[in-house]
Amino acid sequence: MSEPIVDTDRVHVLDHPLVQHKMAILRRTETGTKQFRELIRELALFEGYEATRDFPLEDIEVTTPLETTSAKQIAGKKVAIVPILRAGLGMVDGLLELLPSARVGHIGMFRDPKTKEPQPYYCKLPGDIESRTVLLVDPMLATGGSANAALDYLRKAGVKDIRFLVIDAAPEGVNAVLDHDSDVRIYATSLDRQLNENAYILPGLGDAGDRIFGTF
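A brief structural summary. All figures in this text were calculated on a predicted structure; none of them were measured in a lab. Sequence order as written defines residue numbering, which begins from 1 separately in each chain. Reporting of local features is limited, given that this is a predicted model, to residues whose pLDDT is at least 70; pairs of side-chain atoms are given and counted only at 80 or more, and all residues count toward the totals for whole chains, interfaces and linings. Values reported for side chains reflect all heavy atoms of the structure, with hydrogen atoms and water molecules removed beforehand.

Okay, the overall build of the chain next. By the criteria applied, helices consist of DSSP H or I runs no shorter than four residues and strands consist of E runs no shorter than two, each listed in order from the N terminus. A count of helices and strands for the chain gives six helices and 13 strands. Here the globule rule reads 2.2 Å times residues to the power 0.38, and the radius of gyration is calculated from C-alpha atoms. By the compact-globule yardstick of 17 Å for 216 residues, the chain fits well, its C-alpha radius of gyration being 18 Å. Counting only C-alpha atoms, the chain reaches 65 × 40 × 35 Å along its principal axes. The cut-offs for exposure are 20% and 50% of the maximum accessible area for each residue type, with area from a 1.4 Å probe on protein chains only; residues under the lower value are buried, those over the upper are exposed, and the others partly exposed. The burial tally for the chain puts 44% of its 216 residues in the buried class. The criterion used for residue contact is that any of the two residues' heavy atoms lie within 4.5 Å. Taking the intrachain contacts of the chain between residues at least 6 apart in sequence as the baseline, contacts between residues at least 24 apart amount to 65%. By element, 51% of the accessible surface of the chain is carried by carbon and sulfur atoms, the whole surface being about 11000 Å². Looking at charge distribution, the chain has the averaged site of its 25 positive side-chain charges lying 4 Å from that of its 32 negative ones. Here the Shrake-Rupley method, with its probe set to 1.4 Å, supplies the accessible areas, and only the displayed protein chains count as covering residues. Under the convention used here, Asp and Glu are negative, Lys and Arg are positive, and both His and the chain ends fall outside the count. In plain terms, the charge of a residue is placed at NZ if it is Lys, CZ if Arg, CG if Asp and CD if Glu.

In structure tokens:
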């Protein structure tokens, strides 16, 4: 039985028909590495649109081939994309298509198979990270352990605005993140049923890192 989400105002699950269609293909055992990688990139692009929906705009003047007119542009918003290694790397290219001027940081975390606790092994962020909106990305949100460790690292670096983009989430992990950080917002393309006894998401899509990089 899945548990209810404690704060639905900070959780955004994309229900676009194309997202649901791509998720169905992503889940299939027979989906190969190349297609899986492409789908992760495409779904990250969809999430990027939603996660930046509230970016502020300012009026500018532009000249078309026919006349001068008023238009809108993003009002000086600086963004950093920070994947949780290694699987988060699969989402970066899709977001860079949408936000080509974004800086990219890296946070390396792996989950100890026995304790299920996150273990850091590499962290590198842009020098002005505290002034940027951070899109923290990881395809899977299972227990929330790695996500919370990454959030702590970003908060200690001075980041105020963090949006956590995931492909597949379990309610246990979503609640763990929401309880741990009172300001983070979560964007997911699927909210699944629950975790199994080994802390894998059900129905899930397997190990995203292994399927992205072909390391079965």
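This is not the end of the story, as more comes after the structure.
Ring pairs are drawn from Phe, Tyr and Trp, using the six-membered ring of Trp, whenever the two centres fall within 6.5 Å, and their geometry is named by plane angle: stacked under 30 degrees, edge-to-face over 60, tilted for the rest. Scanning the entire structure with this criterion turns up zero aromatic pairs. Each ring is checked for a lysine NZ or an arginine CZ that lies within 6 Å of its centre and within 35 degrees of its normal; such an atom marks a charge sitting over the ring. The residue whose ring lies beneath K77 is F55, and the NZ or CZ to ring-centre distance is 5.6 Å.

Our focus in this paragraph is helix α4 (residues 145–156). By definition here, a helix of n residues has an expected span of 1.5 Å times n minus one. The terminal C-alpha atoms of α4 lie 17 Å apart, and with 12 residues this matches the ideal 16 Å at 1.5 Å per residue to within 8%. For α4, the complete set of buried residues consists of S146, A147, N148, A150, L151 and L154.

Attention shifts here to the packing of helix α2 (residues 33–51) against helix α3 (residues 89–98). A fitted line through C-alpha atoms represents every axis, and for helices the fit uses only the stretch in contact; the resulting angles, taken between N-to-C directions, go from 0 to 180 degrees. With their axes 7 Å apart at the nearest point, α2 and α3 run at an angle of 50° to one another. Between α2 and α3, the interaxial angle falls into the category oblique. For the pair α2 and α3, the sense of crossing is right-handed. The residues of α3 that touch α2, namely those facing I40, R41, A44, L45, E47, G48 and Y49, are G90, M91, D93, G94, L95, E97 and L98. Residues belonging to the contact of α2 with α3 are distributed by class as follows: seven nonpolar, three polar and four charged. Small angles under 35 degrees read as roughly parallel and large ones over 145 as roughly antiparallel, with 65 to 115 read as roughly perpendicular and the rest as oblique. Two helices cross in a left-handed way if the nearer one is turned anticlockwise from the farther one by less than a right angle. They cross in a right-handed way if the turn is clockwise. Residues are grouped as follows: nonpolar covers Ala, Val, Leu, Ile, Met, Phe, Trp, Tyr, Cys and Pro; charged covers Asp, Glu, Lys and Arg; every other residue, Gly included, is treated as polar.

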